[in-house]
Amino acid sequence: MLIVVAIPTMAQKRKAAAKAKGKAKTVAPAPPQKTAADLLYENMLPNTQRIFVIDSIVVDKSQVLSCIPIQRDNGSLRAYNDFFGTDNQDGQYVFVNGFRNKCFYSEADTAGNVRLFTRDKIAGKWSKPQPLEGISGFASAMAYPFMMSDGTTFYFAAKGKESIGGYDIFITRYDAENQRYLKPENIGLPFNSKADDFFYVEDDMNQLAWFATSRNQPEGKVCVYTLVPSENRQNYDIGDIDEKRLEQLAAITRIRDTWPSAAKRNQAIKRLKELKEGANANNGDASIYFPINDNLVYRSTSEFHNIETRTTFERMQALQAEVDKEIHHLDLIRKEYRNTTGSTRQRLADDIVDYERIIQRQQAEIKAMAKQIRNAENQAIN
């Protein structure tokens, strides 16, 4: 018997291979690579800070300063072009301290880089600009400066490798001994987002703060949040909420979600309104502005219920005036330090450290006195 074995032709082999290829499983495309900003956001998310936002308003970006009623004693914010009398620095701003003898500002160069500078007022004239030592090369875009009343804690916004998107808000502190600023730190979520976040401003006496953001806003618009800053940072407990909810809180999807209660929010709104009215009236005939509680602000020493608390308040005022003078003198010593060498420089360095310790202790004493006054007056009222 003759057995015939069929040998497939080349065409048949190609057809079989094509058929087998068509039956092959489709391989899913690889997920997109995460950017450095994505990874930074993921690292920050579990440490989202719990904050108390009492109000928000959406305005044109050019109107953001009108939404921050900073008191004159804490300094002032100005548009660069208005302050320096020019027209080539649109979108740049200047912060002038409460003594009106030092300013911080951002300035863009012809290459588009935005840097921070400072100037001192000497004999009624502003000195030449100086970079902020220690942070001048931190990022290619640094703007929106604000110095706290302690003359040491400095906030600004920057774009760079340590931002999660657009401008982020950073904090640094001035190291008087080495005459330079410490490495800035990103203040994290929910203050920062993948959009532009900037202009963190804090009124430590009245316990209010503001910051602006372009998150969820159309082009040219920003949202300005008003909040009550906390003395101690508290983060959300990630064991109690899922990731989706945490992301909503990090984005400040609803300010109502940040309120301890509606009543506390209403009380804080009333206090903010009184602050704005006081600023608009330039304090009118009022001799003081001292919040007793969320519902009551004293505007005259005659409102105190007894001589003891009134005397304590007057001592607190005197101590505050002394601290203001010491901060001013410390600023002068720092300027002298920059222009000296040798043993004189070392002596001035020691003086700077001593003054900083004294001021820090006195500021703590002022806070304790303010708390004592409020407690005594609230007891007398109740």
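Residues numbered from 1 in each chain as written. Predicted model: local features only at pLDDT ≥ 70, side-chain atom pairs only at ≥ 80, totals over all residues. Heavy atoms only, no water.

**Some points on the pattern of salt bridges**
Then, in step 1: A full pass over the atoms with the stated rule returns 14 salt bridges.
Then, in step 2: A salt bridge links Arg265 to Asp55, with the shortest nitrogen-to-oxygen separation between them at 4.0 Å. On the criterion of sequence distance, the pair formed by Arg265 in helix H5 (residues 262-280) and Asp55 in strand S1 (residues 52-60) is long-range, its members being 210 residues apart.
Then, in step 3: Across the salt bridge formed by Lys102 and Asp120, the nearest N and O atoms sit 2.8 Å from each other. With Lys102 in strand S4 (residues 102-108) and Asp120 in strand S5 (residues 114-122), this residue pair connects regions lying 18 residues apart in the sequence. Both residues of the pair, Lys102 and Asp120, belong to the buried class.
Then, in step 4: Each of the salt bridges in this network shares a partner with another, and the network as a whole consists of Lys102, Asp120 and Arg338. (Salt bridge = Lys/Arg side-chain N within 4 Å of Asp/Glu carboxyl O. Helix = DSSP H or I, 4+ residues; strand = E, 2+ residues; numbered from the N terminus. Buried < 20%, exposed > 50% of the residue type's maximum accessible area, 1.4 Å probe, protein only.)

**Quick notes on the nonpolar core**
Then, in step 1: Core analysis: the largest hydrophobic core is formed by 83 residues, its most contacted members being Phe154 and Phe290.
Then, in step 2: In this structure, Met44, Leu45, Leu246 and Ala250 belong to the second largest nonpolar core, which totals nine residues. (Core = buried A, V, L, I, M, F, W, Y, C linked by side-chain atoms within 4.5 Å.)

**Structural notes on the sheet that holds strand S13 (residues 197-203)**
Then, in step 1: Spatially, the four strands line up as an open sheet ordered S1-S15-S14-S13, and their pairing is antiparallel. Looking along the sheet, the strands with just one partner apiece sit at the ends: S1 and S13. Adjacent strand axes in the sheet meet at a mean angle of 15 degrees, parallel and antiparallel pairs treated alike.
Then, in step 2: For S13 and strand S14 (residues 208-213), the ladder comprises five bridges, and the chain directions are antiparallel. Looking across to S14, one finds that Asp197 is bridged to Thr213. (Pairing = 2+ DSSP bridges. Axes fitted to C-alpha atoms, helices over the stretch in contact; angles between N-to-C directions.)

**Observations regarding the side chain of Glu326**
Then, in step 1: Looking at the element boundaries, Glu326 is found in helix H6 (residues 307-338).
Then, in step 2: In this structure, Glu326 is in contact with Tyr355, Ile358, Ile359 and Gln362, ignoring residues within four places of it in sequence. (Contact = heavy atoms within 4.5 Å.)

**Structural notes on the confidence of the model for the chain**
Then, in step 1: For the chain, the average pLDDT comes to 87, and 90% of its residues sit at 70 or higher.
Then, in step 2: In this model, residues 1-5 is a region of pLDDT below 50 whose contacts with residues beyond four sequence positions or in other chains number zero contacts.
Then, in step 3: Here residues 282-286 is a poorly scored stretch, pLDDT under 50, and it has two contacts once near neighbours within four places are set aside; other chains count. (pLDDT = per-residue confidence, 0-100.)

**Some words on the packing of H6 against helix H7 (residues 342-381)**
Then, in step 1: At their nearest, the axes of H6 and H7 sit 9 Å apart, and the two run at 160 degrees to each other. Taken together, the axes of H6 and H7 lie roughly antiparallel to each other. Remark: the crossing between H6 and H7 carries left-handed chirality.
Then, in step 2: Among the residues making up the contact of H6 with H7, the classes are represented as 19 nonpolar, seven polar and eleven charged. (Parallel < 35°, antiparallel > 145°, perpendicular 65-115°, else oblique. Left-handed = near helix turned anticlockwise from the far one by under 90°. Nonpolar A, V, L, I, M, F, W, Y, C, P; charged D, E, K, R; others polar.)

**Re the pairing of strand S9 (residues 153-159)**
Then, in step 1: The buried fraction of S9 is high, at six of seven residues.
Then, in step 2: Bridging between strand S8 (residues 141-147) and S9 involves five bridges; their strand directions are antiparallel. Directly across from Ala143, in S9, lies its bridge partner Ala157.
Then, in step 3: For S9 and strand S10 (residues 168-175), the ladder comprises six bridges, and the chain directions are antiparallel. Looking at the pairing, Thr153 lines up with Arg173 of S10.

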